[in-house]
Amino acid sequence: MKTLGYYNGKYGELEDMSIPMNDRVCWFGDGVYDAGPARNGKIFAIDEHIDRFFNSAGLLDIVMPVTKPELKELLQEMVNKMDDPELFVYYQVTRGTGIRNHVYTEGAGNLWIMITPQVIGDCKEPIKLITLPDTRFLHCNIKTLNLIPSCVASEKAKKAGCQETVFYRPGNRVTECAHSNVSILKDGKFITAPTDNLILPGIARAHLIKACKKLGIPVSETPYTLDELFDADEIIVSSSSKLCLHACEIDGKPAGGKAPELMEKLRAAVIDEFESATAAE
């Protein structure tokens, strides 16, 4: 199959799938999600993603309709049905189905899965960024479906001829991007925002930290500012679909490019880990 969808036990091509109007996602965006790449039938970092998925659901008191092993088996079963060797595996759970009411719907949630072709790529091409105030709520550590501010920021980046938006809070603290984490290299050190309630604890971010430790690159999980972002030796944007990108421009000004050898070592290490973990047998 080229695409594959799933909703509470029903399978089909994405264009043929439908959901009940009273699924709470329609009224409130009431749910959480997770996603990651697959290659050669192997889902990358699947246990880490499922753990984060269940953690997000738990923080919002959403009752999961499956166990972790059941979800892992279901995702693998669906990946095995696909024609393309490189895929993006997306899954979400909404709070359930019922007449619109702000009070929670009781019972287990609704499970959605979407499998589509997508190539991770080598992440060698630099990207351009813009910055915007972070007007999102204070639970960014939960991977919810409420993504309107991120959608607005992504559209603004597109109109500016850029690929991502960097958010910052009062005091000019950099948090993350519209759909990525953002970290910097400065004086040989990898600096990334702490995993508090203002950023999503990214899986790719965690693998970057792991790669830094293997390469002997010092890591600092501390807040940093817009001034430090603009002054960084390199700016790294990471997500489950783009594991280790680097930026060459912010708000129309040149950025990064001061530690290309170190940047390349880190990029190569992360991509090599992904390719090794998902190599054909």
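Above this text sits the structure in question.
Residues numbered from 1 in each chain as written. Predicted model: local features only at pLDDT ≥ 70, side-chain atom pairs only at ≥ 80, totals over all residues. Heavy atoms only, no water.

Colleague: Can you walk me through the side chain of threonine 131 in this structure?
Modeller: Mapped onto the elements, threonine 131 comes out in strand E7 (residues 127-133). Within the structure, the side chain of threonine 131 is placed 2.6 Å from the side chain of aspartate 251, a separation counted as a polar contact. Not counting residues within four places of it along the chain, the set of residues in contact with threonine 131 comprises Thr165, Val166, Tyr168, Leu226, Ile250 and Asp251. (Helix = DSSP H or I, 4+ residues; strand = E, 2+ residues; numbered from the N terminus. Polar contact = N/O pair within 3.5 Å; in protein donor to acceptor, adjacent residues only side chain to side chain. Contact = heavy atoms within 4.5 Å.)

Colleague: Quick question: what am I supposed to make of the pattern of salt bridges here?
Modeller: Between side chains of opposite charge, a pair can form when the charged atoms approach closely. According to the stated counting rule, one finds 16 salt bridges in the structure shown. Arginine 136 is paired through a salt bridge with aspartate 134; the nearest N and O atoms lie 2.8 Å apart. Here the two residues arginine 136 and aspartate 134 agree in accessibility, since each one is buried. Between aspartate 196 and arginine 173 there is a salt bridge, with its nearest N and O atoms 3.0 Å apart. Here aspartate 196 is found in the loop between strand E11 (189-192) and helix H5 (203-215), whereas its partner arginine 173 is found in strand E9 (residues 173-177), with 23 residues between them in sequence. Classification of aspartate 196 as partly exposed rests on a relative accessible area of 25%. On the basis of relative accessibility, which here comes to 16%, the residue arginine 173 falls in the buried class. (Salt bridge = Lys/Arg side-chain N within 4 Å of Asp/Glu carboxyl O. Buried < 20%, exposed > 50% of the residue type's maximum accessible area, 1.4 Å probe, protein only.)

Colleague: Is there a simple way to think about the pairing of strand E1 (residues 4-7) in this case?
Modeller: Along a regular strand, successive side chains alternate from one face of the sheet to the other. Residues Leu4 and Tyr6 line one face of E1 and the alternating positions Gly5 and Tyr7 line the opposite face, and both faces are buried. In the sheet, E1 pairs with strand E6 (residues 110-117) via four bridges, with the strands oriented antiparallel. Of the residues in E6, the one forming a bridge with tyrosine 6 is isoleucine 113. When E1 meets strand E2 (residues 10-12), the two strands line up antiparallel, connected through three bridges. Residue pairing for E2: glycine 5 is matched across the bridge by glycine 12. (Pairing = 2+ DSSP bridges.)

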